[in-house]
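# Chains, contacts and geometry: an overview
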Amino acid sequence: MANHEHTEHTGAMKAYIIGFLLSIILTIIPLFLVLNHMMSKTPLTVSILIAAVLQFAIQLFFFMHIREGDKPRYNAMALILGLVFAVTLVFGSIWIMEFNSVVQ
């Protein structure tokens, strides 16, 4: 029984280290791009957003254990629904603000 717990603990520690290293890499890449002025504004913004989304996914899977639990499918579906609401709210707000600036 102790051996099973040790194997489980080692596997979790390995996942945490991999998630941590990937998160660090996905933080350093946009920082490097910004500090060295390697791209113009639009591609730089897109690359930062892509790195942020990837880092969000990595943190969900490696640190928040979204795949684990009694019903991991329901966890993922609830997360996707929340993301749809958030994206709709953000882009809807941006669209309304743009429309408001055109009208005035």
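These figures come from a predicted structure and were not determined experimentally. (Residues numbered from 1 in each chain as written. Predicted model: local features only at pLDDT ≥ 70, side-chain atom pairs only at ≥ 80, totals over all residues. Heavy atoms only, no water.)

## Some points on the side chain of Gln-55
Position of Gln-55 among the secondary structure elements: in helix 2 (residues 41-62). The exposure class of Gln-55 is buried, given its relative accessible area of 18%. At a separation of 2.9 Å, a polar atom in the side chain of Gln-55 contacts the main-chain carbonyl oxygen of Ser-23. A polar atom in the side chain of Gln-55 sits 3.0 Å from the side chain of Thr-27. For Gln-55, the contacting residues outside a window of four places in its chain are Ser-23, Leu-26 and Thr-27. (Helix = DSSP H or I, 4+ residues; strand = E, 2+ residues; numbered from the N terminus. Buried < 20%, exposed > 50% of the residue type's maximum accessible area, 1.4 Å probe, protein only. Polar contact = N/O pair within 3.5 Å; in protein donor to acceptor, adjacent residues only side chain to side chain. Contact = heavy atoms within 4.5 Å.)

## Observations concerning the environment of His-65
As for its placement among the helices and strands, His-65 is situated in the loop between helix 2 and helix 3 (72-103). A relative accessible area of 26% places His-65 in the partly exposed class. Sequence separation of His-65 and Asn-75 is 10 residues, and the distance between their C-alpha atoms is 9.8 Å.

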